[in-house]
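# What the coordinates show
Residues per chain, in single letters:
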Amino acid sequence: MARTRSEQAVWRREQLLDAALKVFADKGVDGATVKDVAQAAGVTPGLLYRYFDSKEAMVETLLSERGFLPRLRELRAERHDARAATEVLTELLEAFDGLLAEHAELMAVFFSAAQGRAPLATLVGEGQRLIGDFLAERVAAGELRAHDTATAARTLFATVAVNRRMGTPIDIAALVGLLFPEEG
């Protein structure tokens, strides 16, 4: 069955993103060119520019659409009132770690692109804000002790990401327990 023009455009865009992911993971974001991505996709650079304004737009799209943020938004939107904050945090961080493990190329792109790119800082900031807001809600509810929720969120995400990048296993429940010990 033939694809509609709209379906063809979606398919082509995904094909271009797949090629960009591979090229960026292999060469690094700064080492790769639009021409490299176009060549890997088997298209001309002109066609690629019909879908993305720049290499930076491809990087941002990869990380915003295929990264952890969409899943984090879903998990964060779910009601967690009946569950302990440490249980929810452990689940969120294990999902984050699982995504990093499943998508090693995406993680390589993230680390390659992470320095000095404002759109990436915005994506990372949103993820940290979502977790920080969750922690603040639980502090306000009296479940967690008062603390700097933004720093705690950054610490949790960075620890998981760096350990995954280094190939070092991490006990996420122990990490959460270290930052948020049960009152005794």
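Quantities reported herein were computed from a predicted structural model and do not represent experimental measurements.

## Observations concerning the pattern of salt bridges
Scanning all chains against the criterion turns up twelve salt bridges. Among the ionic pairs, E14 bridges to R66, the shortest N-O distance being 2.7 Å. Linking E14 in helix α1 (residues 5–27) with R66 in helix α4 (residues 55–66), this pair joins segments that are 52 residues apart in sequence. Looking at E14, the relative accessible area reads 30%, which means it is partly exposed. Its salt-bridge partner being E91, residue R83 comes within 2.4 Å of it at the nearest N-O pair. Of the residues examined, E91 reaches a relative accessible area of 29% and is grouped as partly exposed. A single network of salt bridges, built from pairs that share partners, joins R13, E14, D18, E65 and R66.

## Some details on the layout of surface pockets
Size it by volume and the largest pocket reaches roughly 490 Å³. If you go around the largest pocket, you meet 22 residues; those closest to its centre are F68, F96, F110, V124 and F157. At the level of secondary structure, the elements contributing two or more residues to the lining of the largest pocket comprise α5 (69–77), α6 (85–102), α7 (104–113), α8 (118–140) and α9 (149–166). Per-element tally for the lining of the largest pocket: the top contributor is α8, with five residues. Its residues assigned to classes, the lining of the largest pocket comprises 18 nonpolar, four polar and no charged. Here the second largest pocket is characterised by a volume of approximately 170 Å³. Here the residues of the lining of the second largest pocket are counted per class, giving five nonpolar, one polar and four charged.

## Observations concerning α4
The end-to-end C-alpha distance of α4 is 16 Å, a good match for the 16 Å that twelve residues give at a rise of 1.5 Å each. Listing the buried residues of α4 in full gives K55, M58, V59, T61, L62 and L63. At the N-terminal boundary of α4, the capping side chain belongs to S54, with an oxygen 3.3 Å from the backbone nitrogen of E56.

## What to know about helix α2 (residues 34–41)
Listed as buried for α2 are V34, D36, V37, A38 and A41. Where α2 is buried, its residues meet α1, α3 (45–51) and α4. At the exit of α2 stands G42, carrying a positive phi of roughly 75°.

## Some points on the packing of α1 against α2
At a minimum axis separation of 8 Å, α1 and α2 run at an interaxial angle of 125°. Classified by the angle their axes make, α1 and α2 are oblique. Read as a crossing pair, α1 and α2 show a hand that is right-handed. Within the contact between the two elements, α1 uses Q15, L16, A19, A20, V23, F24 and K27 and α2 uses D36, V37, A40 and A41. In terms of residue class, the contact of α1 with α2 is built from eight nonpolar, one polar and two charged.

## A few points about the environment of A38
Positionally, A38 belongs in helix α2. Along the backbone, A38 and A19 are 19 residues apart, and their C-alpha atoms lie at a distance of 7.7 Å.

Parameters at a glance
Throughout this document, residue positions are counted from 1 along each chain, in the order its sequence is written. Residue-level local features of this predicted model are given only where pLDDT is at least 70; pairs of side-chain atoms are given and counted only at 80 or more, and the full residue set underlies all totals for whole chains, interfaces and linings. To obtain the side-chain values, all non-hydrogen atoms of the structure were included, while hydrogens and water were left out. In what follows, salt bridge is the name for a side-chain nitrogen of Lys or Arg lying within 4 Å of a carboxyl oxygen of Asp or Glu. Runs of E in the DSSP output that reach at least two residues are strands. Runs of H or I that reach at least four are helices, and both are numbered from the N terminus. Note on classification: 1.4 Å probe, protein chains only; a residue is buried when its accessible area is under 20% of the maximum for its type, exposed when over 50%, partly exposed between these limits. Within this scheme a cavity is a closed region of a 1 Å grid, computed over the protein atoms alone, that accommodates a 1.4 Å probe without allowing it to escape, whereas a pocket is open but has protein on both sides within 12 Å along at least five of seven lines; lining residues each have an atom within 4 Å of a point. Grid points are joined across faces, edges and corners, and a volume is the space filled by probe spheres set on the points. Residues are grouped as follows: nonpolar covers Ala, Val, Leu, Ile, Met, Phe, Trp, Tyr, Cys and Pro; charged covers Asp, Glu, Lys and Arg; every other residue, Gly included, is treated as polar. A helix is expected to span 1.5 Å for every residue after the first. Polar contacts, as counted here, are pairs of nitrogen or oxygen atoms within 3.5 Å of one another; within protein the pair requires one atom able to donate a hydrogen and one able to accept it, and residues that are adjacent in sequence qualify only if both atoms are side-chain atoms. Note on definitions: a residue-residue contact is assigned when non-hydrogen atoms from the two residues lie within 4.5 Å. Axis lines are fitted to C-alpha atoms, over the contacting stretch for helices. Their N-to-C directions set the angle, which ranges from 0 to 180 degrees. Oblique is the label for every angle not falling under 35 degrees (roughly parallel), over 145 degrees (roughly antiparallel), or within 65 to 115 degrees (roughly perpendicular). Whether a crossing is left-handed or right-handed is set by the direction in which the near helix is turned from the far one by less than a right angle, anticlockwise for left-handed and clockwise for right-handed.

Limitation: the analysis is restricted to geometry and does not speak to function.
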